[in-house]
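# Coordinate analysis (summary)
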Amino acid sequence: MAEKQRLKILNQNEVNLLYQRPHFTQEEREQYFTLSTNEQTELNELQTIKSKIFFLLQLGYFKARQLFFLFTPSEAEEDIKYLKQLKFPDFSVKDLNISQKTRLKHQRLILGLYNYRNCDIKTSKKLKQRASQAAIICGKPIYIFRQLLHFLKEERIVSPSYSSMQDIVGKALTHEQNRMAKILHKHLQPSNIESLNSLLEDAPGIYQITSIKHEPNGFNVTEIKREIERGERIKELYTLSQRVLPILEISNESIKYYASLVDYYSVFRLKRFDSCIAYTYLLCFIHHRYQRHSDNLLAGFIFHVRKFIDAAKLSARESVYKYQVEADQNLRKAAKVLKFFTTDNIPDETPFNDVRAKAFAILGRDKLDKVANHITSIISFDETAFQWEHIDGLGLKYKHYLRPILSSINFKGTPTQIGIIDGLHFLKTAFSKGRPLGQYPIKKIPINFITDKAEKYLYTVAKDCTRELIPDRYEFYVYRLLRDRLEAGDIYCRDSIRFRSLEDDLIDEKTWQSNKYDLIAQSGLSILQQPIVKHLVTLEQELEERIVRVNQRITNGENEYIKIKEKRGKESWSLKYPGEKDETNHSIFDSFKQTNISSILNFVNLQCQFMNAFTHVLDRYVKTQTDERAIAACILAWGTNTGLGRMGQISDIGYTALASTSNNFIRMETLREANDLIVNNIVKLPVFCEYNIDGILHSSSDGQKFETGLATINARYSPKYFGLKKGIVSYTLVANHIPINARIIGANEHESHYVFDILFNNTSDIQPNIHSTDTHGTNEINFAILHMFGYQFAPRYKDIANKIANSLYGFKHPTKYEGLLKPIRQLKKQLIIDDWDLIQRIMVSLALKTTTQSIITSKLSAYARKNKTQAALWEYDNIISSIFLLRYVDEPTLRCNVQLALNRGESYHKLRKAVAFANFGK
């Protein structure tokens, strides 16, 4: 395969980092040329000093890269000079060239020392098989490449050259495309092909595929109507994709990737692809777009139901307050009426009618009767009744918003939700016929899901004492239950991504049972490969020993950070947190000169060439040259929220050029790659390690709120952060003050659902040892998931004593423990053992990206406790979190790490930062 035809996977800097002979600094020479006992023994076996020097060179380079390199003595001059001074100060031979036989001998010795082997023909076949497997999971070249690197590392195999890896990945992708093309050619009918071609046909205005790509800007009636229309247009093709895509046997992640290519490529470019490949991309796009269409409608449904309920609650509170004030006023007047019975001003012979007339003059008959009832019943005002009264006035509005959505979605549910599903089917049938609900006899309306508590608000009692259902209230009651069940996962939509069942997100049961052990091996999760009983024994020993040790240290007074109090005969405790506050900024920062952002961008680009990451969307087929000035202007325009229009006015680059550059070069893929380049170069700076806490790389993640200028489907109202406007949240992963990954999420979404997502999909070289969040980053399953994937989760709790009092568990009954910190209940080991297969399946699905990780996490978190299917994972999470809570109390270093490592104003010690900058400046 010619070089120009090879697939571009890495940029030149990344290729150099992985495959170029390392150029050591003085510190790196000391590290890599220091010998172990076994290495020294092998060195002593060599006969000549020249051979020993070259052996040391190859050994040091191998330890740094796990590769062998061809080089001349002049290319390694500095390293040779160092070795001669260190090991052979009297050696002075000028000719240091060695024979190929000697070089190969050195390589065999080094491979034996580190139990590595070269990539032979047999290994190459395995590598190609692994690439083909990875191509089915995800069609991204970089994903396949990383899977191969992981395989080589696990098997301790020396990597073949980069060009060989390019060929393997390229052939795997070509083979995968050809495989899918053959299947499509067999299963697509002429009518199907005609429908797919119509998406790309020239038409007045815009292409059909372009209009389908458009996402709704919000949840108003117009946008909902347009989204429903888009769904109707592609429904037939979506049905085709449901039939054909399972035959292709590709993962959800691959479907998502191939769908994204339709967004990346223009219609003109799609037409130039082989027809079957283009059909694959289009089918994946239609499949993914229709599921997003369902997500958008259901998100809009939940948004509006919540909005109507919140408005009803607010109105009810105001009504209660109004009636409460009136009742208080009437109660005072009623007191005056009561005094008629004790006053001497009314003669005893006064007729009762006269007394009653005076009483009614103070307080009317109806109001006096209400006060009497209020006093005798001693009940508060029924706020729920006021809520339903407000809902009655919203009938036309909620029907206008919610009926079209309900009619467009097909719902499924667990067996316990059959009553609500019947109610949904009844409403959809009534809507389709255009028949008012009041015309249906009550016997034909499903009502078995109505709770006793809700009955009194949904029915009226007629004069003949028969009950009559209130149609509008019944309809809204179904909407409210549907919203609750959707968020709990009890009702789902299979034509969705976010709202489908958990089972649909996991590796399907048939594939799992057939290839369970191979899939676990592919995931690389070592815990899953252990026998669960043995693994639980290890965890039990660690937790039980820690409970005893922590309580003993508290009792003996060894834990100086515990502060014990006694109030009203009850013993309580708390942690002593550092009281000093760091100054906002150290004075050393005042000496730094300010500079403009464009100069910083130019400087950073000179150091790490991050501009190379901004490749054209058409890749090698583009003929125009990259304009780095225009790319920098686009980055500034979007990054500073200036906008391309304003940037075109204040710069010497016109709006048209900026818009073209932004569309062709600025996308999530290139931004992430550029950020990784910058981050990976920062890691190499000596100052980076100065921010480590006790030598540990400690990351954190938190959400930053931003007001949005344009309406987007992620934007939500949040009075606390945005006032009367909308905004989004930038959820960012930070390590040593460096933002290494980020996700844009809605202000209504829980940050804990994205903790694993943002860590696992971090593609930079910074891989943290410990990760912290605030309390908003915790849920019922994050400890378990992060532990499985090798991360130590260390959230910061505002009230650690209260957390331990409610969330500490043990493997024995609580009565078996002594000390200040006692578990609240006994852990259920058998529950984990019985459902270990499901836990393995969930974790492998997360590792192999069968769907978006944040979606699985949110579903698991939403009903981990109440759903038996996920209860085992929650119980496993309780074990890991209990171990952490005890460490939090017992190890002041970890506790301080958790407190200091968050990316907030109270983060790292400012003096250490100042010293680090000062040293870096020198």
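Residues numbered from 1 in each chain as written. Predicted model: local features only at pLDDT ≥ 70, side-chain atom pairs only at ≥ 80, totals over all residues. Heavy atoms only, no water.

Turning to the overall build of the chain, a few remarks are in order. A count of helices and strands for the chain gives 41 helices and 14 strands. Burial status across the chain gives 48% buried among its 922 residues. Of the accessible surface of the chain, which amounts to about 48700 Å², a share of 51% is contributed by carbon and sulfur atoms. (Helix = DSSP H or I, 4+ residues; strand = E, 2+ residues; numbered from the N terminus. Buried < 20%, exposed > 50% of the residue type's maximum accessible area, 1.4 Å probe, protein only. Areas by Shrake-Rupley, 256 points an atom, 1.4 Å probe, with all protein chains shown as cover.)

To continue, consider the environment of Gln-66. Its place among the elements puts Gln-66 in the loop between helix H4 (49-65) and helix H5 (77-87). Each C-alpha atom of the pair Gln-66 and Val-158 lies 6.3 Å from the other, and the pair is 92 residues apart in sequence. With residues up to four places along the chain from it excluded, the contact list for Gln-66 reads Tyr-61, Tyr-116, Val-158 and Ser-159. Here Lys-63 takes part through its backbone oxygen, which lies 3.0 Å from a polar atom of the side chain of Gln-66. (Contact = heavy atoms within 4.5 Å. Polar contact = N/O pair within 3.5 Å; in protein donor to acceptor, adjacent residues only side chain to side chain.)

The next point concerns the packing of aromatic side chains. For the coordinates displayed, the defined rule picks out 32 aromatic pairs. Aromatic side chains Phe-760 and Phe-789 sit 5.4 Å apart centroid to centroid with 80 degrees between the ring planes, which places their arrangement in the edge-to-face category. Here the residue Phe-760 occupies a position in helix H33 (residues 755-760), and Phe-789 occupies one in the loop between helix H34 (782-788) and strand S12 (792-793), the gap between them amounting to 29 residues. By relative accessible area, Phe-760 is classed as partly exposed at 24%. Through successive ring pairs, a cluster of aromatic residues spans Phe-24, Tyr-32, Phe-33, Phe-54, Tyr-61, Phe-69, Phe-71 and Tyr-82. The aromatic ring of Tyr-440 is capped on one face by Arg-435, whose charged end is 4.2 Å from the ring centroid. (Phe/Tyr/Trp six-rings, centres within 6.5 Å; stacked < 30°, edge-to-face > 60°. Lys NZ or Arg CZ within 6 Å of the ring centre and 35° of its normal.)

A word on helix H22 (residues 471-488). Helix length check: H22 (18 residues) gives 26 Å between terminal C-alpha atoms against 26 Å at 1.5 Å per residue, within 8%. All of the buried residues along H22 are Arg-473, Tyr-474, Glu-475, Phe-476, Tyr-477, Val-478, Tyr-479, Leu-481, Leu-482, Arg-483, Leu-486 and Ala-488. Looking one or two residues past H22, Gly-489 carries a phi angle of roughly 85 degrees, positive in sign. (Expected span 1.5 Å × (residues − 1).)

With that out of the way, let us pick up the pairing of strand S7 (residues 698-707). Relative to strand S11 (residues 770-772), S7 runs parallel, the two sharing three bridges. Bridge pairing in S11 places Ser-699 opposite His-771. (Pairing = 2+ DSSP bridges.)

A few words now on helix H35 (residues 800-807). For H35, the full list of buried residues reads Ile-800, Ala-801, Ile-804 and Ser-807. Mapping the buried residues of H35 onto a view down its axis gives an arc of 160 degrees, with all of them on the same face. (Arc of directions from axis to C-beta.)

This part is about the packing of helix H27 (residues 628-639) against helix H29 (residues 655-665). Relative to each other, H27 and H29 sit at 85 degrees, their axes nearing to 9 Å. Taken together, H27 and H29 sit at an angle that is classed as roughly perpendicular. Here Ala-630, Ile-631, Ala-633, Cys-634 and Trp-638 of H27 lie close against H29, whose contacting residues are Leu-658, Thr-661, Ser-662 and Phe-665. Looking at side-chain class alone, the contact of H27 with H29 contains seven nonpolar, two polar and no charged residues. (Axes fitted to C-alpha atoms, helices over the stretch in contact; angles between N-to-C directions. Parallel < 35°, antiparallel > 145°, perpendicular 65-115°, else oblique. Nonpolar A, V, L, I, M, F, W, Y, C, P; charged D, E, K, R; others polar.)

Let us now look at the packing of helix H26 (residues 597-608) against helix H30 (residues 668-683). The angle between the axes and the distance between the axes are what describe a pair of packed helices. Interaxial distance between H26 and H30 falls to 10 Å at its minimum, and their mutual angle equals 75 degrees. Classified by the angle their axes make, H26 and H30 are roughly perpendicular. Contacts between H26 and H30 involve Val-604, Gln-607 and Cys-608 on the former and, on the latter, Leu-677, Ile-678 and Asn-681. For the contact of H26 with H30, the residue count by class is four nonpolar, two polar and no charged.

On to the pattern of salt bridges, then. Any two side chains of opposite charge can pair, on the condition that their charged atoms come close. Applying the stated criterion across every chain yields a total of 30 salt bridges. Between Glu-227 and Arg-230 there is a salt bridge whose closest N-O contact spans 2.6 Å. With Glu-227 and Arg-230 both in helix H12 (residues 221-248) and three residues apart, this pair spans about one turn of that helix. Taken individually, Glu-227 and Arg-230 each receive the classification buried, so the pair is uniform in this respect. The partner of Arg-289 in a salt bridge is Glu-227, with the nearest N and O atoms 3.0 Å apart. Taken together, the residues span a long stretch of sequence, with Arg-289 in helix H15 (residues 275-338) and Glu-227 in helix H12 at a distance of 62 residues. The class for Arg-289 is buried, based on a relative accessible area of 1%. By relative accessible area, which is 1% here, Glu-227 ends up buried. (Salt bridge = Lys/Arg side-chain N within 4 Å of Asp/Glu carboxyl O.)

So, on to the side chain of Ser-752. Counting through the fold element by element, Ser-752 comes out in the loop between strand S10 (738-746) and H33. Apart from the residues within four sequence positions on either side, Ser-752 is in contact with His-776, Gly-777, Thr-778, Asn-779, Asn-782 and Thr-857.

Core analysis: the biggest nonpolar cluster contains 134 residues, and Phe-789 and Met-843 have the highest contact counts within it. Looking at this core, the element that brings in the most residues is helix H39 (residues 868-890), giving 12 residues. Here Phe-789 is in contact with Leu-525, Phe-756, Phe-760, Met-843, Leu-846 and Ala-847, once residues within four sequence places are set aside. Ala-312, Ile-420, Ile-421 and Leu-469 belong to the second-largest nonpolar core, a separate cluster that totals 48 residues. (Core = buried A, V, L, I, M, F, W, Y, C linked by side-chain atoms within 4.5 Å.)

For residues that are not glycine, phi is negative in most cases, and the peptide bond is trans in most cases. In the Ramachandran plot, Asn-115 falls in the positive-phi region, its phi being about 55 degrees despite a non-glycine side chain. Note that Asn-115 resides in the loop between helix H6 (100-113) and helix H7 (121-137). Positive phi, close to 60 degrees, is recorded for Glu-249, a residue that is not glycine. Turning to its location among the elements, Glu-249 is positioned in the loop between H12 and helix H13 (252-264).

Averaged over the chain, the pLDDT score is 82; the fraction of residues at 70 or greater is 87%. Per-element averaging of pLDDT across the chain places helix H41 (residues 910-921) at the bottom with 40 and strand S13 (residues 809-810) at the top with 94. (pLDDT = per-residue confidence, 0-100.)

Quick look at a positive patch on the surface now. Together, Lys-563, Lys-565, Lys-567, Arg-568 and Lys-576 make up a region of like positive charge exposed at the surface. Looking at the secondary structure, you find Lys-576 in the loop between strand S6 (570-575) and H26. (Patch = residues over 30% accessible without salt bridge, like charges linked within 9 Å, V, L, I, M, F, W, Y side chains within 5 Å. Lys, Arg positive; Asp, Glu negative; His and termini not counted. Charge placed at Lys NZ, Arg CZ, Asp CG, Glu CD.)

All right, on to the pairing of S6 then. Looking along a regular strand, one sees the side chains alternate between the two faces of the sheet. Where strand S5 (residues 562-567) lies against S6, six bridges are found, and the strand directions are antiparallel. Across the sheet, residue Lys-567 finds its bridge partner in S6, namely Lys-570. As consecutive antiparallel partners, S5 and S6 are separated by two residues, and within that stretch Arg-568 has a phi angle of approximately 55 degrees, a positive value.

Mapped onto the secondary structure, Phe-285 falls in helix H15. Its relative accessible area of 1% is what places Phe-285 among the buried residues. Note: C-alpha distance between Phe-285 and Ser-260 (25 residues apart in sequence) is 7.1 Å. Residue contacts for Phe-285: discarding those within four places in its chain leaves Ile-209, Ile-212, Lys-213, Ala-259, Val-262 and Asp-263.

Quick look at the side chain of His-698 now. Summarising the element assignment, His-698 is placed in strand S7. Of the polar contacts made by the side chain of His-698, one reaches the side chain of Ser-772; its length is 2.7 Å.

Let us look at the environment of Pro-823. On the secondary structure map, Pro-823 appears in the loop between S13 and strand S14 (825-826). The exposure class of Pro-823 is buried, given its relative accessible area of 4%. Spatially, the C-alpha atom of Pro-823 lies 8.6 Å from that of Lys-812, the residues being 11 residues apart in sequence. Ignoring anything within four residues of it in the chain, the contact list for Pro-823 reads Ile-547, Leu-808, Tyr-809, Gly-810, Pro-814 and Tyr-817.

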